[in-house]
Amino acid sequence: MTDPLAEVVTLLQPSARYSKLVSAAGAWRVTRVEAGRPFYAAVLDGACRLAVDDHPPLIAEKGDFVLIPSANDFTTTSLTPPPEGVVTQPVELGPRHYRMGRADGPADTRLVVGYCAFGSADTALLLSLLPRFIHVRGASRLSTLVEMVDEEARADRPARDVVLAHLLEVLLIEAFRALPGATASPGLIRGLADERLATALRRLHEDPTRPWTVPDLAREAGLSRTVFFERFRRVVGLTPMDYLLAWRMALAKDMLRRGAAGVADVAERTGYASASTFTIAFSRHVGVPPARYARGA
C-alpha cells in the first residue's frame, strides 16, 4: 500500500547544506535570523534552551531532537543564559566544530546542528502538509542519524551527495513518525494518526488518477459524508478536494520539472480527462500553463 508520508518526503528532495558540531560551557547565547531554511539539532550531551519563531522556549536535553522544516528566527542559550542582549561569538576549533561560552575546561553541552535544502518546486505546499515544529524526547535513533549525516557531510567520499540525500530522507521520516499524531499541527501527520482518515489518505495517494468525490472517500473511511468532510478539514487543514488538487498539482509539477512526461501524459497520470482540462486546472493553480512551466523548469 502507498505510504503518503514517504511520498511527500521523497518529493521534497532533501539535500544537505551544512552541519556542525557545537561544544559549549558556561553562559552563552546564539541568535540567528533565517529565511525559512530547514533546521535540525540533536543534543549529544548536556542541555540547552531553544526558542524558535513564535513557539514558547523549550529545554532540549541529551538524546533530544528538534526539527523546524522552515525556520526563521531562533535563539539558543545555556540553561542559565547571559544577561539579556549579550550574544556570544562562536570560536572555531576545527572544520565545522565551534565552541560557545567559556573557552577553557570541558564542555557542558554538545550538539550537532544542521541545515538542509528542499529541491522540490512545490516546497511550500508540501511543507504545509507537515508539522511546523518537532521536538522528540530521548530520540537515540534520530541522534544517530544526525551524527551519520554530520560525518558524511565532513567526508569527501564517492557518492557523498546521494548518501546524504537518502540519510536525510530517513531522518525526516523518522522525525515525522516519532511525533505523536495527536500533538501535531493540522496536516498529513495528524491525518495519518486518525485510523479512518488514514485509510482515505492512503487510497487517495495510491490512486490519484481516480475521479474521487467526497462520498467516495467517506466510504473508504467508513464515515458519513458530512462527518468525513468536517473531520478531514479539521485534522488535515484542507478540504478533501483541496487536498486532492494540491497533491495532483505537486505530482504534475514534479513530472514536468524532471521532463518525465509530456503535458498529455501528465494530465492522464494525474487524473484529468484531457490535456486541455489539465492545462486549465494547472494554469489556475500555478499561474502559468504546464508547457511554459516545464520550459522554465
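Basis of the calculations
- Sequence order as written defines the numbering, with residues in each chain counted from 1.
- Where totals are concerned, whole chains, interfaces and linings use all residues; where local detail is concerned, this predicted model gives features only for residues with pLDDT of at least 70, and gives and counts side-chain atom pairs only at 80 or more.
- Here the side-chain values reflect all heavy atoms present in the structure, with hydrogen atoms and water set aside.
- What pLDDT expresses is the predictor's confidence in each residue, scored from 0 to 100.
- Secondary structure elements are defined from DSSP: runs of H or I of at least 4 residues count as helices, runs of E of at least 2 residues count as strands, and each element is numbered from the N terminus.
- Here a Phe, Tyr or Trp ring, Trp counted by its six-membered ring, pairs with any other such ring whose centre lies within 6.5 Å, and the pair is stacked when the planes are under 30 degrees apart, edge-to-face when over 60, and tilted otherwise.
- Relative accessibility thresholds used throughout: buried, under 20% of the residue-type maximum; exposed, over 50%; partly exposed, between the two (1.4 Å probe, protein chains only).
- Any two residues whose heavy atoms approach within 4.5 Å are treated as being in contact.

Colleague: I would appreciate a short explanation of the confidence of the model for the protein in the present structure.
Modeller: Atomic detail in the predicted coordinates should be set aside for any region of low pLDDT. Of the residues in the protein, 99% reach a pLDDT of 70 or more, and the chain-wide mean stands at 89. Highest mean pLDDT in the protein belongs to helix H7 (residues 214–221) (97); lowest belongs to helix H2 (residues 123–128) (83).

Colleague: Teacher, can you tell me more about the packing of aromatic side chains here?
Modeller: Inspection of every chain in the model, using the stated rule, returns seven aromatic pairs. Judged by centre distance (5.6 Å) and plane angle (55°), the ring pair of Phe228 and Phe232 falls under tilted. Of this pair, Phe228 and Phe232 both sit in helix H8 (residues 225–236), four residues apart, which is roughly one turn of the helix. For the pair Phe228 and Phe232, a shared accessibility class is recorded, and that class is buried. Centroid distance Phe232 to Tyr243: 5.9 Å. Interplanar angle 80°. Geometry classified as edge-to-face. With Phe232 in helix H8 and Tyr243 in helix H9 (residues 240–258), this pair connects stretches of sequence that are eleven residues apart. With respect to burial, Phe232 and Tyr243 carry one shared label: buried. Among the aromatic residues, ring-to-ring pairing joins Tyr272, Phe278, Phe282 and Tyr293 into one connected group.

Colleague: Quick question: what am I supposed to make of the side chain of Thr76 here?
Modeller: Examined against the element boundaries, Thr76 turns out to sit in strand E5 (residues 65–77). With sequence-adjacent residues up to four places away left out, Thr76 is seen in contact with Trp28, Arg29, Val30, Cys48, Arg49 and Leu50.

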